[in-house]
Amino acid sequence: MGAQFDQKRMIAGDLRGGNSRAITPVWVRTRGPLLVKPSGRRVPGRLPRYDSRSISRDIELESRLAANPGTLRCAPILNPDRLLDVRGKFITFEGIDGAGKSTHIERFAEKLRSRGLTLVVTREPGGTPLAERLRELLLNSDMDPMTEVLLAFAARREHVKQTILPALNQGQWVICDRFTDSSFAYQGGGRGIDWSFIQNLEGAIHPNVQPDLTILFDLSSEEAARRRANARLADRFEAEDLAFFGRVREAYARRLLEQPMRFMRIDAAQERSVIQALLDVNRVRP
């Protein structure tokens, strides 16, 4: 179920402010991902190999873009109109705790239902009776990091076999709150589990199932912590410190750079109405 994206991509900016220069949507064909300059000029190119300096540069550029309402409000890595390219049926939402992804899932699902699509909305850990019991252990019981990642993939195996695959085989769309990218981010980045070990687990547990689109809600660990402080009682992941969530965020960025054609990155610091516009399902072709 890998991503099936045409290399021709519609380019359209989210422009804010009355003085912003209009960008005419054009069709382009590139060999690599699309990079967006602060000036609004679009250039095809290749993403740099992941390292901490490139992430810092991306975050710095994002801050400059956000500070100038007359420029594109999208991230420098990916075009926010990724939904134009969707052909698949498996969509995942990802992001650090506090980024706000769960707020938008149900609205996104309702919009798809209004177009006559049959959906399964699910979550990880969880999605089956057994996986939900494993979820309680993962969120509330102290354990060794290796136990944690193995338990997460055990729950995922049940979820894929009992919920995700049957729905996809019946032609339904599956909208999932978290999937394997969370294991790379939380257990790989946050806990320090070897990246290649998680890749091996991914290949063993769901070798033929991958999201067609992953919507990544990206937010600084500091802002996410402020949001979590006003939310429900924290589970053991949400109670982690800023350094942990900084590592989680960088791991998400690494995952995005490894598979850029699958991701749509959302600047989660934007107003809710702006994010909802970016997630406008009229751009999704069933």
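Residues numbered from 1 in each chain as written. Predicted model: local features only at pLDDT ≥ 70, side-chain atom pairs only at ≥ 80, totals over all residues. Heavy atoms only, no water.

1. Considerations on the pattern of salt bridges
Evaluated as defined, the whole model comprises 18 salt bridges. Put simply, Arg255 and Glu202 hold a salt bridge, and the shortest N to O gap is 2.6 Å. Placement of Arg255 in helix H8 (residues 242-258) and of Glu202 in helix H6 (residues 195-205) is noted, with a sequence separation of 53 residues between them. Side by side, Arg255 and Glu202 carry an identical accessibility label, which is buried. One salt bridge connects Asp218 with Arg265, and the closest N-O pair in it is separated by 2.5 Å. (Salt bridge = Lys/Arg side-chain N within 4 Å of Asp/Glu carboxyl O. Helix = DSSP H or I, 4+ residues; strand = E, 2+ residues; numbered from the N terminus. Buried < 20%, exposed > 50% of the residue type's maximum accessible area, 1.4 Å probe, protein only.)

2. Considerations on the nonpolar core
Among the nonpolar cores identified, the biggest contains 44 residues, and Phe93, Tyr186, Ile215 and Phe217 are the most heavily contacted of them. Looking at this core, the element that brings in the most residues is H8, giving seven residues. Non-local contacts of Tyr186, meaning those with residues more than four positions away in its chain, are made with Gly95, Ile96, Asp97, Arg178, Arg191, Phe237, Phe244, Phe245, Val248 and Tyr252. Grouped together as the second largest cluster of nonpolar side chains are 10 residues, Val120, Val160, Ala167 and Leu168 included. (Core = buried A, V, L, I, M, F, W, Y, C linked by side-chain atoms within 4.5 Å. Contact = heavy atoms within 4.5 Å.)

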